[in-house]
Amino acid sequence: MQMKLLTLNCHSWHEENQLAKIRTLAETIKEHSYDVIALQEVSQSLEQPQVNETYKSDHFVPLLLEELQQLDAAMYHSIWAFNHYCKGGTYEEGVAILTKHPIVNTHTFFTTKSQDPTEKNTRKAVGATISIDGKKYDFYSCHQGWWHDETEPFPDQFQRLLNNIPNERPCFLMGDFNNNAHIRNEGYDYMINNGMLDTYSLAIEKDNGITVQRSIAGWDNNNHHLRIDLILTNQPTNVLQSKVIFNGTNKPIISDHYGVHVEIKN
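Since the model is a prediction, treat every value here as computed from it, not as a measurement. (Residues numbered from 1 in each chain as written. Predicted model: local features only at pLDDT ≥ 70, side-chain atom pairs only at ≥ 80, totals over all residues. Heavy atoms only, no water.)

Visitor: How do you make sense of the pattern of salt bridges when you look at a structure like this?
Guide: Pairs can form between side chains of opposite charge once their charged atoms are near each other. All told, the structure shown has eight salt bridges when counted by the stated rule. Taken together, the shared-partner salt bridges in this structure form one network comprising Arg 23, Glu 27 and Glu 67. (Salt bridge = Lys/Arg side-chain N within 4 Å of Asp/Glu carboxyl O.)

Visitor: Is there a simple way to think about unusual backbone geometry in this case?
Guide: If a residue is not glycine, its phi is most likely negative; likewise, a peptide bond is most likely trans. In this structure, Trp 13 is a non-glycine residue whose phi angle is positive, near 60°. Residue position: Trp 13 is located in the loop between strand 1 (2–9) and helix 1 (18–32). Exposure remark for Trp 13: the relative accessible area of 18% places this residue in the buried category. In this structure, Glu 41 takes a positive phi of about 50° despite not being glycine. Within the secondary structure, Glu 41 is located in strand 2 (residues 36–45). Classification of Glu 41 by relative accessible area gives buried; the value is 12%. (Helix = DSSP H or I, 4+ residues; strand = E, 2+ residues; numbered from the N terminus. Buried < 20%, exposed > 50% of the residue type's maximum accessible area, 1.4 Å probe, protein only.)

Visitor: Would you mind going over the sheet that holds strand 5 (residues 103–110) with me for this structure?
Guide: The strands making up a sheet are joined through hydrogen bonds of the backbone, oriented either antiparallel or parallel. Taking strand neighbours across the sheet as the criterion, the six strands line up as 5-6-7-8-11-9 in an open arrangement whose pairing is mixed. The open sheet has two edge strands, strand 5 and strand 9 (197–198), and neither has a second partner. Contacts from helix 3 (residues 154–164) reach strand 5, strand 6 (124–132), strand 7 (135–143) and strand 8 (171–176) within the one sheet, and its direction differs from that of strand 5 by about 150°. (Pairing = 2+ DSSP bridges. Contact = heavy atoms within 4.5 Å. Axes fitted to C-alpha atoms, helices over the stretch in contact; angles between N-to-C directions.)

Visitor: Would you explain the environment of Ile 254 in this entry?
Guide: Within the fold, Ile 254 resides in the loop between strand 12 (239–245) and strand 13 (259–265). Classification of Ile 254 as buried rests on a relative accessible area of 5%. C-alpha separation for the pair Ile 254 and Glu 15, spaced 239 residues apart in sequence, amounts to 7.8 Å. The residues contacting Ile 254, other than those within four sequence positions of it, are Leu 8, Cys 10, Glu 15, Lys 21, Thr 24, Leu 25 and Phe 246.

Visitor: Would you mind going over the layout of surface pockets with me for this structure?
Guide: A water-sized probe, rolled over the atoms, reveals where empty space remains. Roughly 160 Å³ of volume is contained in the second largest pocket. What lines the second largest pocket is simply Leu 65, Glu 66, Leu 68, Gln 69, Asp 72, Ala 73, Ala 74, Met 75 and Tyr 76. Here the residues of the lining of the second largest pocket are counted per class, giving six nonpolar, one polar and two charged. (1 Å grid on protein atoms, 1.4 Å probe; cavity = no way out; pocket = protein on both sides within 12 Å on 5 of 7 lines; lining within 4 Å. Points joined across faces, edges and corners; volume = space filled by probe spheres on them. Nonpolar A, V, L, I, M, F, W, Y, C, P; charged D, E, K, R; others polar.)

Visitor: When you look at helix 2 (residues 60–70) in this model, what are you seeing that I'm missing?
Guide: Structurally, the α-helix is built with 3.6 residues per turn, so residues lying three or four positions apart point the same way. Buried residues of helix 2: Phe 60, Val 61, Leu 64, Glu 67 and Leu 68, and no others. Along helix 2, the residues classed as buried sweep out an arc of 125° about the axis, all on the same side. Relative to its buried face, helix 2 has exposed residues pointing more than 90 degrees away, namely Gln 69 and Gln 70. Just beyond helix 2, the residue with positive phi is Asp 72, at close to 60°. (Arc of directions from axis to C-beta.)

Visitor: In this structure, what is going on with the nonpolar core? I would like to understand it.
Guide: Considering soluble globular proteins, one finds that nonpolar side chains tend to be buried as a cluster. Counting residues in hydrophobic clusters, the biggest one holds 26 residues, and the most contacted among them are Leu 25, Leu 39 and Leu 64. Listed by contribution, the elements that provide at least two residues to this core are strand 1, helix 1, strand 2, helix 2, strand 3 (77–86) and strand 4 (91–99). Every residue in contact with Leu 64, bar those within four places of it in the chain, is listed here: Ile 22, Leu 25, Ala 26, Ile 29, Leu 39 and Leu 98. Counting residues in each nonpolar core, the second largest holds 22 residues, with Val 36, Ile 97, Val 262 and Ile 264 among its members. (Core = buried A, V, L, I, M, F, W, Y, C linked by side-chain atoms within 4.5 Å.)

Visitor: Is there a simple way to explain the packing of helix 1 against helix 2 in this structure?
Guide: In contact at an axis separation of 9 Å, helix 1 and helix 2 are set at 55° when each is read in the N-to-C sense. With respect to helix 2, the axis of helix 1 lies oblique. Relative to helix 2, the crossing made by helix 1 is right-handed. Judged by residue contacts, Gln 18, Leu 19, Ile 22, Arg 23, Leu 25, Ala 26, Ile 29 and Lys 30 of helix 1 engage Phe 60, Leu 63, Leu 64, Glu 67, Leu 68 and Gln 70 from helix 2. (Parallel < 35°, antiparallel > 145°, perpendicular 65-115°, else oblique. Left-handed = near helix turned anticlockwise from the far one by under 90°.)

All we've got here are geometric facts, nothing functional implied.
This is the structure in structure tokens:
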């Protein structure tokens, strides 16, 4: 059984030509037929009308699902968790998971001490137990804070994440971890030392893994190549390929982050 995973920090509604970029994302999802997709910075504006209990009319996820439907792609199920307000309080930002497989259960929890949505560092993880070819897996979309965050230190956030995930099944933590894998003795090493395996390191075929190449929010004045968007797992896994996507070489750029595409054979 082969499984394809994608994680992307969408930077939604901060991007110019947002609808065209949603279309590019939908076309790529159809092309690769991803089994599970984790998205971060997934937003909707407060002023738009509510279309159901969860989503407003300009929410990134239903717009993406609509594009997939128009492309006659596989039907994807979605879950989303609201983290905090952004863009001066005009948008609700969160994390999401999409899958074309049955969702057995969902799991949402705070990874920060703060549960105040007016605090920009307030964060949740959203998780789903998903049945793929009769086997259950746990997937989480994560948007973690920085190692040097004085109010919400990364080790505390990551321990809350670990304390809330089950270990009896294969588990994948997918997202923007805001800790550069090239820096030793900080967040990346902390995650690996706490039992997580990096699918990039496990991959038979891989590229340079770089997902941020310029200054972005939270990485002001950055002039380094960063590998902060990751797909981690709790068990040894046969990873065929890990490659960066939406970087201008492998698909057009659609966010201030590049995505990570991973193929696994179990």
